[in-house]
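If you want the building blocks of each chain, they are given just below.
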Amino acid sequence: MKKLVNNIDSIVSEMLDGMTAAFPGYVKRLEGYEVLVRACGASPKVALVSGGGSGHEPSHGGYVGRGMLDAALAGEVFTSPTPDQVFEAIKAVDGGKGVLLIIKNYTGDVMNFEMAADMARDEGITVEQVIVADDVAVENSTWTTGRRGIAGTVFVHKIAGASAEAGLGLADVKRVAEKVIANVRSMGMAIDACTVPAAGKPSFELADDEIEIGIGIHGEPGTHREKISSVNDIADKLLAKILAEGIYAAGCCYGERHGRHSVNGAVYCE
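Here the residue index of a chain counts from 1 through its sequence in written order. Only residues with pLDDT of at least 70 are given local features in this predicted model, and only at 80 or more are side-chain atom pairs given and counted; all residues enter the totals for whole chains, interfaces and linings. The basis for every side-chain value is the complete set of heavy atoms in the structure, and neither hydrogens nor water enter the calculation.

Regarding the sheet that holds strand E4 (residues 71–77)
Argument step 1. In this description, strands pair whenever DSSP reports at least two bridges between them. Numbering of helices and strands runs from the N terminus; a helix is a DSSP stretch of H or I covering at least four residues, while a strand is a stretch of E covering at least two. Taken together, the six strands give an open sheet; going across it, the order is E1-E2-E4-E3-E5-E6, and neighbouring strands pair in mixed fashion. Looking at strand neighbours, the two that pair on one side only are strand E1 (27–29) and strand E6 (127–132), the edges of this open sheet. Geometrically, the sheet is characterised by an average inter-axis angle of 25 degrees between neighbouring strands, direction not taken into account.
Argument step 2. For strand E2 (residues 35–38) and E4, the ladder comprises three bridges, and the chain directions are antiparallel. From the neighbouring strand, Leu 36 faces E4, where its bridge partner is Ala 72.
Argument step 3. In what follows, a contact means two residues having at least one pair of non-hydrogen atoms within 4.5 Å. Every angle, taken between N-to-C directions, lies between 0 and 180 degrees, and every axis is a line fitted to C-alpha atoms, over only the stretch in contact when it is a helix. In this fold helix H3 (residues 107–122) packs onto strand E3 (47–54), E4, strand E5 (99–104) and E6, with an angle of close to 165 degrees to the strand it touches most, E5.

Observations regarding the nonpolar core
Argument step 1. The biggest cluster of nonpolar side chains holds 22 residues, and the ones touching the most others in it are Val 49, Leu 73, Ile 90, Val 99, Leu 101 and Val 127.
Argument step 2. When residues of this core are traced back to their parent elements, those giving at least two are E2, E3, E4, helix H2 (83–93), E5 and H3.
Argument step 3. Residues in contact with Ile 90, not counting those within four places in the same chain, are Val 99, Leu 101, Ala 116, Ala 117, Ala 120, Ile 125 and Val 127. Put simply, a nonpolar core is a bunch of buried Ala, Val, Leu, Ile, Met, Phe, Trp, Tyr and Cys residues held in one set by side-chain atoms that sit within 4.5 Å of each other. Buried means the residue's accessible area, taken with a 1.4 Å probe over protein chains only, is under 20% of the maximum for its type, while exposed means over 50%, and partly exposed covers the values in between.

Quick look at the sheet that holds strand E8 (residues 210–213)
Strand pairing in a sheet takes place through backbone hydrogen bonds and is either antiparallel or parallel in direction.
Argument step 1. Here three strands make up an open sheet; going across it, the order is E7-E8-E9 and the pairing antiparallel. Looking at strand neighbours, the two that pair on one side only are strand E7 (189–190) and strand E9 (224–227), the edges of this open sheet.
Argument step 2. As paired strands, E7 and E8 are joined by two bridges and run antiparallel to one another. Looking across to E8, one finds that Met 189 is bridged to Ile 213.

Observations concerning the pairing of E2
Argument step 1. As paired strands, E1 and E2 are joined by three bridges and run antiparallel to one another. Directly across from Arg 29, in E2, lies its bridge partner Leu 36.
Argument step 2. The antiparallel pairing of E1 with E2 creates a hairpin that spans five residues between the two strands, and Gly 32 there sits at a positive phi of about 90 degrees.

So, the pattern of salt bridges
Argument step 1. For this document, the term salt bridge refers to a Lys or Arg side-chain nitrogen within 4 Å of an Asp or Glu carboxyl oxygen. As enumerated under the stated definition, the model contains 17 salt bridges in all.
Argument step 2. Glu 165 is paired through a salt bridge with Arg 38; the nearest N and O atoms lie 3.1 Å apart. Linking Glu 165 in helix H4 (residues 153–165) with Arg 38 in strand E2, this pair joins segments that are 127 residues apart in sequence.
Argument step 3. Glu 165 sits in the partly exposed class, given a relative accessible area of 24%.
Argument step 4. For Arg 38, a relative accessible area of 7% corresponds to the buried category.
Argument step 5. Among the salt bridges present, the one from Arg 121 reaches Asp 118, with a minimum N-O distance of 3.1 Å. Of this pair, Arg 121 and Asp 118 are both found in helix H3, three residues apart, which corresponds to roughly one turn of the helix.
Argument step 6. Residue Asp 118 is classed as partly exposed on the basis of its relative accessible area, which comes to 44%.

Remarks on the side chain of Arg 147
Argument step 1. Take Arg 147: it is sitting in the loop between E6 and H4.
Argument step 2. When sequence neighbours within four positions are dropped, the list of residues in contact with Arg 147 reads Asn 105, Ala 133, Asp 135, Val 136, Val 138, Glu 139, Arg 185 and Glu 245.

A short note on unusual backbone geometry
Argument step 1. Cis peptide bonds are those with omega within 30 degrees of zero, and the linkage from Glu 57 to Pro 58 qualifies with 15 degrees.
Argument step 2. In this fold, Pro 58 is placed in the loop between E3 and E4.
Argument step 3. The step from Ser 59 to His 60 runs through a cis peptide bond, and the omega angle for that step is 5 degrees.
Argument step 4. Within the fold, His 60 resides in the loop between E3 and E4.
Argument step 5. In this structure, Phe 78 takes a positive phi of about 60 degrees despite not being glycine.
Argument step 6. Mapped onto the elements of the fold, Phe 78 is located in the loop between E4 and H2.

Things to note about empty space enclosed by the protein
Argument step 1. In this analysis the probe radius is 1.4 Å and the grid spacing 1 Å, with only protein atoms considered; a cavity is a set of points the probe fits into but cannot get out of, a pocket is an open set with protein on both sides within 12 Å along at least five of seven lines, and lining residues have an atom within 4 Å of a point. Grid points are joined across faces, edges and corners, and a volume is the space filled by probe spheres set on the points. In the structure shown here, the tally under the stated rule is one cavity of 30 Å³ or more.
Argument step 2. Forming the boundary of the largest cavity are 18 residues, of which Met 15, Ser 59, His 60, Gly 61 and Ala 74 lie nearest the centre.
Argument step 3. Listed by contribution, the elements that provide at least two residues to the lining of the largest cavity are helix H1 (11–22), E2, E3 and E4.
Argument step 4. Residues are sorted three ways: Asp, Glu, Lys and Arg are charged, Ala, Val, Leu, Ile, Met, Phe, Trp, Tyr, Cys and Pro are nonpolar, and all the rest, Gly among them, are polar. Partitioning the lining of the largest cavity into residue classes produces nine nonpolar, seven polar and two charged.

Laid out in structure tokens, this is it:
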């Protein structure tokens, strides 16, 4: 795969500088760190911090802004942010109302964010966290115990972010985030492998007529490989797995008041 690169060692830093140059009214760089924060600085509301390894742009820096994230951490490509990065981000955006960490369920992310939360609490900052695990493909895979956190994280950013912007307290923003997590599921597939710049070659091989169902966002194994087929056929397979989870039956706050009904085996709140 051809890529336009200046220097492999500075890819992440240059990417962040590019985002701040493109959107100076929205984001700024936290000096000395691979961290983007809102250009307006800390606000007197609950602050949301998320992030992860680079390579998934516009996640997470593209979701920094009003009604979404207050800070986004950018680790090296497919590498968790360091505890120091997370700690500095927490301090930069804390407006006195507490900070919620939105963590994707990968072992390194969870460990490093939790370490940073402890460091912040030692400084007197109130910190809570939620862990997103929306991938229905596999229960355990490379880099994770339990389900992986993938595309559903964006809904947590946007819905919890809107709650924080509206003035809800930390406990309520966390409750909203947890409700979103309980009711979002995702599943992916791949037609080709990604190429990590430092490696310079694809992470694995797929034949021209093959796809991988349920692949992870770093190229972790999915459920199986199969022959490529139509868009409708592939979408049906992915959606069937998602609907089989009965996502609205888990964590629904309104089921008893409003009743529930079933569609194709999936249970929904009315």
